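Listed below are the residues making up each chain.
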Amino acid sequence: MSTMCGSGRSAERWASGAVRRTRRRSVVDLTPSGRLMLSLNLMHGAHIAAMPSGLPEPSVVGIVAAPDGAADGEWNRRWRAVRAWVFTTDPVRAGVLWIAASMLFFFFGGLAALFMRTELAAPGRTIMGPEEYLGWFTLHGTFMIFFFAVVVFFGIGSAVVPRLIGANNMAFPRLNALDLWLILLGGSILELGFLFGQKPIAGWTSYPPLSLGGFSPGLGQDWWIWAVGLETFGATMAGGNFLATILRSRSPDVPLRSMPIPVWGILFSSVLVVIAGPFLLTALGFLWLDRNFGTWFFAPETLPGPLLWQDLFWFYSHPATYVMIIPAFGFLSAVLHRFSGRSVLSTFTVIMGMAGVALFGLLVWWHHMFTTGLSSAAGLFAVAMTWTVALPSGVVILSWIASLRWGRIHFTTPMLFALGFILMFTVGGANGVFLSFLPFDVYAHDTYWVIAHFHYIIFGGTVLGLFAAIYYYFPIAFGRRLSEPLGKWHFWLTVVGINLTFFPMHYLGLQGMPRRIHDYDAAWGGVNMAETVGAFITAVAQLLFLANLAVTLVRGRPGRDDPWEEAEADRGTATRPSPRTGTEEAA
């Protein structure tokens, strides 16, 4: 191990080539040396010296081709291949399944959004009535927030975090697999309920009394409770698993102060989920009891009644926004560092910025309730926390910009998505600051201004950050680089689409157009039509991503030992392994 690490880049090239040669024989070698080669291929440029030596012989998780004429036959070989994925405890395979499941829910939620935007393309009834619209709206928000944005970076974390900290696996490998299947089960319950006519129509926030039995009869809302409950339980346990892995399973060669920035992002995100998750689980349990056993936790005639739901729901759901964003901060730091040739200016400042976002993100849920009659003291506290949480986010963005200012930028597809993240997230943060002013919030509350703010953060931030990570880590993991021309088309169409969709919503918000409605004044028809066109452009962009992924997996040729090495070659810079970012650092 020490000999191999001492040979530098040549050893890494040998290891990556060995993995590809192994892949061509349809055999995955998971001996200790094979595990090292797989780790090198997965996280090129990681802190290789931190990889533990003398690893125990792991169980086979790959597909070993049987010799010709084997008695078990083709069917048994295929069943073993499926079983290797379904019952895997390997963190890389589990991470791939996490990402695939999250992206599946992302496309389900996107399809629901297209139905909504088609209905909103013109005033009056277009393709559906109010109840159908509320059903699609509930499905869209629930899939996008709970089943995609909250959990997708945990998939990337499962694949890369153990390697970055020198661990052989997650602290609890079977729990890692169980969390994945709980989330899949929850999403399947919601989708099947919708297909069989049991639609929840109370929105993704499910405010009582709309979500109680009198306004939401039938099983649809109960199925929603169980679906979101399973997802939240799985995500909370996943957060605890990541905390145990990062804090207790690190290699002795990776002290806490030397962990890469992406690991810090997963760490802070996991803390938020573990603290806030039980509050939403409690709220879901109370709501189910109210609906089925006649309790009155959220009954309108009691105090605090529906306000108690809002407190419990937003204590989880607002920090969930930062659960989506903080890991993106970590992975984007690696991408920006790699393609600018500069270390992130003051990695300590970036880490402290992420810690500040996590801390103040737990204290800012009240700003969702400015119009519910908060006391003056509570309102001022919410305003102060809203302003405060913007400061560490700004520190991270300014650190990135300063790093780019003195770097030599290489405009690869991951870098374009990272730069798009900076722009879109900044717009989302700026229009959110307006909502922290009480007079403006009273005017703009529950209008399209809030939708614009929320989607610039979620789509412009989380989704662009995710694609930056996928385009960057995909060739490192699979040895095949996604098409750069298709990737750049994907980026530009996505940026054009989301701006055409969401930026005009600021105007509609100022005009007073309410959100969560299926009809509106005819004067706003032209703006809504433009937003619908933007939504379909965004959808076409995601189809390009799917095509890029399919073509690369089926027909893509193995790339170079380091698929991003030409970025350094074009800039004429030498590199060295950097444990701080999980990439490589200019010499």
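Please read these numbers as outputs of a predicted model, since none were measured by experiment.

### With respect to the overall build of the protein
Right, on to step 1. Per the secondary structure count, the protein includes 20 helices and two strands.
Right, on to step 2. Looking at the protein as a whole, 55% of its 587 residues qualify as buried.
Right, on to step 3. For the protein, the exposed surface amounts to about 23,300 Å²; the carbon and sulfur share of it is 69%.

### Focus: the environment of Ala550
Right, on to step 1. Mapped onto the elements, Ala550 comes out in helix α19 (residues 525-555).
Right, on to step 2. Assessed through its relative accessible area of 41%, Ala550 is described here as partly exposed.

### Topic: the packing of helix α8 (residues 173-195) against helix α9 (residues 220-248)
Right, on to step 1. Contact geometry of α8 with α9 gives a least axis separation of 8 Å together with a crossing angle of 165 degrees. With respect to each other, α8 and α9 are oriented roughly antiparallel. Of the two possible hands of crossing, α8 and α9 adopt the one that is left-handed. Where α8 approaches α9, its residues Leu175, Asn176, Leu178, Asp179, Leu182, Ile183, Leu185, Gly186, Ile189, Leu190, Leu192 and Gly193 are matched on the opposing element by Trp223, Trp224, Ala227, Leu230, Glu231, Phe233, Gly234, Ala235, Met237, Ala238 and Asn241.
Right, on to step 2. Split by residue class, the contact of α8 with α9 holds 16 nonpolar, five polar and two charged.

### Considering unusual backbone geometry
Right, on to step 1. The omega torsion across Pro208 and Pro209 is 5 degrees, close enough to zero to call that bond cis.
Right, on to step 2. Topologically, Pro209 is positioned in the loop between α8 and α9.
Right, on to step 3. In this structure, Pro304 follows Leu303 across a cis peptide bond, with omega equal to 0 degrees.
Right, on to step 4. If you trace the backbone, Pro304 turns up in the loop between α10 (261-293) and α11 (306-340).
Right, on to step 5. A positive phi is found at Ser206, a non-glycine position, where the angle reads about 50 degrees.
Right, on to step 6. Relative to the assigned elements, Ser206 resides in the loop between α8 and α9.
Right, on to step 7. Classification of Ser206 as buried rests on a relative accessible area of 0%.
Right, on to step 8. Phi at Arg516 is positive, roughly 65 degrees, even though this residue is not glycine.
Right, on to step 9. Relative accessible area serves as the criterion here: at 26%, Arg516 is assigned to the partly exposed category.

### Some details on helix α12 (residues 347-361)
Since the α-helix turns once every 3.6 residues, residues separated by three or four places project in the same direction.
Right, on to step 1. Its 15 residues give α12 an end-to-end C-alpha distance of 21 Å, which sits within 8% of 21 Å, the value for a rise of 1.5 Å per residue.
Right, on to step 2. Every buried residue of α12 is listed here: Thr347, Val350, Ile351, Gly353, Met354, Gly356, Val357, Ala358 and Gly361.
Right, on to step 3. Looking at the buried residues of α12, the elements they touch are α10, α11 and α13 (376-405).

### Quick look at the pattern of salt bridges
Right, on to step 1. Scanning the entire structure with this criterion turns up four salt bridges.
Right, on to step 2. Here Glu531 and Arg117 are joined by a salt bridge, their closest N and O atoms 3.3 Å apart. Here Glu531 is found in helix α19, whereas its partner Arg117 is found in helix α5 (residues 91-119), with 414 residues between them in sequence.
Right, on to step 3. Residue Arg481 is joined to Glu484 by a salt bridge in which the shortest nitrogen-to-oxygen separation is 3.8 Å.

### Quick word on α9
Right, on to step 1. For α9, with 29 residues, the first-to-last C-alpha span of 42 Å sits near the 42 Å given by 1.5 Å per residue.
Right, on to step 2. Burial within α9 is extensive, with 23 of its 29 residues counted as buried.

### Quick look at the nonpolar core
Burial of nonpolar side chains together is a common tendency in soluble globular proteins.
Right, on to step 1. With 141 residues, the main nonpolar core has Phe146, Phe148, Phe329, Trp400 and Phe421 as its most contacted residues.
Right, on to step 2. When neighbours within four sequence positions are excluded, Phe329 is seen to be in contact with Met354, Val357, Val396, Trp400, Phe421 and Phe425.

### Focus on the packing of aromatic side chains
Right, on to step 1. According to the stated counting rule, one finds 49 aromatic pairs in the structure shown.
Right, on to step 2. The interplanar angle of 70 degrees and the centroid separation of 5.8 Å between the aromatic rings of Phe143 and Phe147 together place this pair among those described as edge-to-face. With Phe143 and Phe147 both in helix α6 (residues 130-149) and four residues apart, this pair spans about one turn of that helix. The pair formed by Phe143 and Phe147 is uniform in burial state, with each residue classed as buried.
Right, on to step 3. One aromatic cluster is present, formed by Phe146, Trp204, Phe286, Phe297, Phe298, Trp309, Phe313, Trp314, Tyr316 and Phe454 through successive ring pairs.
Right, on to step 4. Its end group placed over the ring of Trp85, Arg93 keeps NZ or CZ at 4.4 Å from the ring centre.
Right, on to step 5. Directly above the ring of Tyr207 sits Arg516, whose terminal nitrogen or CZ lies 6.0 Å from the centroid.

How each quantity is defined
- Residues numbered from 1 in each chain as written.
- Predicted model: local features only at pLDDT ≥ 70, side-chain atom pairs only at ≥ 80, totals over all residues.
- Heavy atoms only, no water.
- Helix = DSSP H or I, 4+ residues; strand = E, 2+ residues; numbered from the N terminus.
- Buried < 20%, exposed > 50% of the residue type's maximum accessible area, 1.4 Å probe, protein only.
- Areas by Shrake-Rupley, 256 points an atom, 1.4 Å probe, with all protein chains shown as cover.
- Axes fitted to C-alpha atoms, helices over the stretch in contact; angles between N-to-C directions.
- Parallel < 35°, antiparallel > 145°, perpendicular 65-115°, else oblique.
- Left-handed = near helix turned anticlockwise from the far one by under 90°.
- Contact = heavy atoms within 4.5 Å.
- Nonpolar A, V, L, I, M, F, W, Y, C, P; charged D, E, K, R; others polar.
- Expected span 1.5 Å × (residues − 1).
- Salt bridge = Lys/Arg side-chain N within 4 Å of Asp/Glu carboxyl O.
- Core = buried A, V, L, I, M, F, W, Y, C linked by side-chain atoms within 4.5 Å.
- Phe/Tyr/Trp six-rings, centres within 6.5 Å; stacked < 30°, edge-to-face > 60°.
- Lys NZ or Arg CZ within 6 Å of the ring centre and 35° of its normal.

Purely geometric numbers; function is a separate question.
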